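Now for the letters of each chain:
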Amino acid sequence: MTPPPATLPTADAALALIKPKVRAQAAYTLQAPEARRKLNQNESPFDAPAALKDAVLARLRTEAWNRYPPFSPVELLARLAARHDWTPEGVGNGSNELIQATLAVTVGEGASVVSAVPTFTLYRLLTEVFGGRHVGVPMTAEFAFDVPALIRAATAAQARVIVVNSPNNPTGTPFPEGGLERLLEETEALIVVDEAYQDFGGLSAIPLLAEHARIVVLRTFSKAMSLAGMRFGYALAHPAIAREITKAKLPYNVNRVTLAAAQAALDARELLEESTRQVRDARDRLARGLQGVRGLRAFPSAANFVLIRCETHPAAEVYRRLVEQHGILVRDVSGGAGLEGCLRITAGTVDDVDAVLAALTAIFRSAP
């Protein structure tokens, strides 16, 4: 085996070929220490049931691994459509790639994409990679969506796309009732609603699909369906819009293992719904407990996590002590716009919730 070169050539000339907007961006990355309790990525605390895993393995034994997966998994798309009373022609499958594909077919040089901030940073990153301009509209001090401000910003920027993450990550805020209807009526943008956390709370935009062609709904199996490791999601849209989004997806974008896991998860829907209920209960237990910890403020959440603001202790110090003294890993989001002093805590098991509450109580009782 040839050893790697001791030195590499300068990359300046090659880097000059990369778009300046891309070079100016920070990549979406996550570096986190190991900890006994992992409450930093909004994953389900419950692994997929053994019966689901067995079903996936059984299905895979009959599959031809030397063959590409179906170009379009017709049976799976039909099941997803039936789940939401929608047409299979309006369903597309993928993962975060669906966000990328939707923006790829709508955003060109100078085009504006509006979203609330703070929110999932991938929307801004991809918008600028495609040459567009991201317009962030601050949420209120209580982390509520400011619908009139979103409309004003979209109108002023002649936005092609408005992205709504509901419930919003990292705040947990659901979009208000009637808000999507206002966006559709008072702007001309395509409304992309990312519902990664909708199984845990908030209203869904799916009922609006039957009456509005300017709406795309994104869903995932990563959270409530316990399949974060399989990377499966899907989009629901008017068939004409779904066809255009498909043009930006890579062929064979979902492998056979993931397709089998998605089928098995739909078969195990009742079991997974019970897990989702337990997560909602754990979130509510966490939210109630945080109200009793002096020195921090917890914000209401409809997702599977709770956002806190550290008021008497630096967030970085609280994060470090949780890891080093208590073996609990949460997400430090304090560097985000409007998130000064904030940490995001995933609702794990009841045991996880009680452990993080005890740890935070001990930390905030001590001197900063």
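In what follows, the structure referred to is the one given above.
Right, let's walk through the structure included here. (Residues numbered from 1 in each chain as written. Predicted model: local features only at pLDDT ≥ 70, side-chain atom pairs only at ≥ 80, totals over all residues. Heavy atoms only, no water.)

**As for the nonpolar core**
Step number 1: Ranked by size, the top nonpolar core spans 55 residues in total, and within it Leu80, Val114, Leu180, Leu183, Ile191, Phe221 and Phe232 carry the most contacts.
Step number 2: When near neighbours in sequence (up to four residues on either side) are disregarded, leucine 183 contacts Val147, Leu150, Ile151, Ile162, Val164, Phe175 and Ile191. (Core = buried A, V, L, I, M, F, W, Y, C linked by side-chain atoms within 4.5 Å. Buried < 20%, exposed > 50% of the residue type's maximum accessible area, 1.4 Å probe, protein only. Contact = heavy atoms within 4.5 Å.)

**Here's the deal with a negative patch on the surface**
Step number 1: On the surface, Glu177, Glu181, Glu185 and Glu211 cluster together to form a negatively charged patch.
Step number 2: Along the chain, the position of glutamate 181 falls in helix H8 (residues 179-186). (Patch = residues over 30% accessible without salt bridge, like charges linked within 9 Å, V, L, I, M, F, W, Y side chains within 5 Å. Areas by Shrake-Rupley, 256 points an atom, 1.4 Å probe, with all protein chains shown as cover. Salt bridge = Lys/Arg side-chain N within 4 Å of Asp/Glu carboxyl O. Lys, Arg positive; Asp, Glu negative; His and termini not counted. Charge placed at Lys NZ, Arg CZ, Asp CG, Glu CD. Helix = DSSP H or I, 4+ residues; strand = E, 2+ residues; numbered from the N terminus.)

**A look at the packing of helix H12 (residues 315-326) against helix H13 (residues 350-365)**
Step number 1: Between H12 and H13, whose axes approach to 10 Å, the crossing angle comes to 120°. One way to sum up the angle between H12 and H13 is to call them oblique. Read as a crossing pair, H12 and H13 show a hand that is right-handed. For the pair H12 and H13, contact is made by Val318, Arg321, Leu322 and His326 and by Val356, Ala359, Leu360, Ala362, Ile363 and Phe364, respectively.
Step number 2: When its residues are assigned to classes, the contact of H12 with H13 shows eight nonpolar, one polar and one charged. (Axes fitted to C-alpha atoms, helices over the stretch in contact; angles between N-to-C directions. Parallel < 35°, antiparallel > 145°, perpendicular 65-115°, else oblique. Left-handed = near helix turned anticlockwise from the far one by under 90°. Nonpolar A, V, L, I, M, F, W, Y, C, P; charged D, E, K, R; others polar.)

**Some words on the packing of aromatic side chains**
Step number 1: All chains considered together, the criterion is met by eight aromatic pairs.
Step number 2: Centre to centre, the rings of tyrosine 68 and tyrosine 252 are 4.6 Å apart; their planes meet at 15°, and the pair counts as stacked. Taken together, the residues span a long stretch of sequence, with tyrosine 68 in the loop between helix H3 (50-61) and helix H4 (74-83) and tyrosine 252 in the loop between helix H9 (239-246) and helix H10 (256-267) at a distance of 184 residues.
Step number 3: The structure contains a cluster of three or more aromatic residues connected by ring pairs, namely Tyr68, Phe71 and Tyr252.
Step number 4: Over the aromatic face of phenylalanine 305 sits the side chain of arginine 344, whose NZ or CZ is 5.6 Å from the ring centroid. (Phe/Tyr/Trp six-rings, centres within 6.5 Å; stacked < 30°, edge-to-face > 60°. Lys NZ or Arg CZ within 6 Å of the ring centre and 35° of its normal.)

**Quick notes on empty space enclosed by the protein**
Step number 1: The tally for this structure, following the rule as stated, stands at two cavities of 30 Å³ or more.
Step number 2: The volume enclosed by the largest cavity comes to roughly 40 Å³.
Step number 3: Every residue along the wall of the largest cavity is listed here: Val91, Gly92, Leu98, Ala235, Ala242, Ile245, Thr246 and Lys249.
Step number 4: Elements represented by at least two residues in the lining of the largest cavity include exactly strand E2 (91-94) and H9. (1 Å grid on protein atoms, 1.4 Å probe; cavity = no way out; pocket = protein on both sides within 12 Å on 5 of 7 lines; lining within 4 Å. Points joined across faces, edges and corners; volume = space filled by probe spheres on them.)

**Examining the sheet that holds strand E8 (residues 233-237)**
Step number 1: Taking strand neighbours across the sheet as the criterion, the seven strands line up as E2-E8-E7-E6-E5-E3-E4 in an open arrangement whose pairing is mixed. Each end of this open sheet is capped by a strand with a single partner; those strands are E2 and strand E4 (133-138). Ignoring strand direction, the axes of neighbouring strands in this sheet form an average angle of 20°.
Step number 2: Summarising the sheet, strand E6 (residues 190-194) and strand E7 (residues 215-220) pair through four bridges and their orientation is parallel. Looking at E7, one finds that isoleucine 191 is bridged to isoleucine 215. (Pairing = 2+ DSSP bridges.)

**Quick notes on the layout of surface pockets**
Rolled over the atoms, a probe with the dimensions of a water molecule shows which regions are left empty.
Step number 1: Quantified by volume, the second largest pocket comes out at close to 310 Å³.
Step number 2: Contributing to the lining of the second largest pocket are 16 residues, with Phe71, Ser72, Leu77, Thr246 and Lys249 lying nearest its centre.
Step number 3: Looking at the lining of the second largest pocket, the elements with two or more residues in it are E2 and H9.
Step number 4: A per-class count over the lining of the second largest pocket returns eight nonpolar, five polar and three charged.

**Concerning the environment of lysine 223**
Step number 1: Structurally, lysine 223 can be placed in the loop between E7 and E8.
Step number 2: In sequence terms lysine 223 and proline 45 are 178 residues apart; their C-alpha atoms lie 9.4 Å from each other.
Step number 3: Among all residues touching lysine 223, those that are not within four sequence positions of it are Gln41, Asn42, Ser44, Ala196, Tyr197 and Phe200.
Step number 4: Polar side-chain contacts of lysine 223 include one of 3.4 Å to the backbone oxygen of glutamine 41. (Polar contact = N/O pair within 3.5 Å; in protein donor to acceptor, adjacent residues only side chain to side chain.)

**Considering the sheet that holds strand E13 (residues 342-346)**
Step number 1: One open sheet holds the four strands; their spatial order is E9-E10-E13-E12, and the pairing between them is antiparallel. A strand with exactly one partner marks an edge of an open sheet, and here the two such strands are strand E9 (296-298) and strand E12 (331-332).
Step number 2: Bridge count for strand E10 (residues 305-310) against E13 is five bridges, and the pairing is antiparallel. The partner of isoleucine 308 across the bridge, within E13, is leucine 343.
Step number 3: Against the sheet, H12 engages E10, E12 and E13, with an angle of about 35° to E13.

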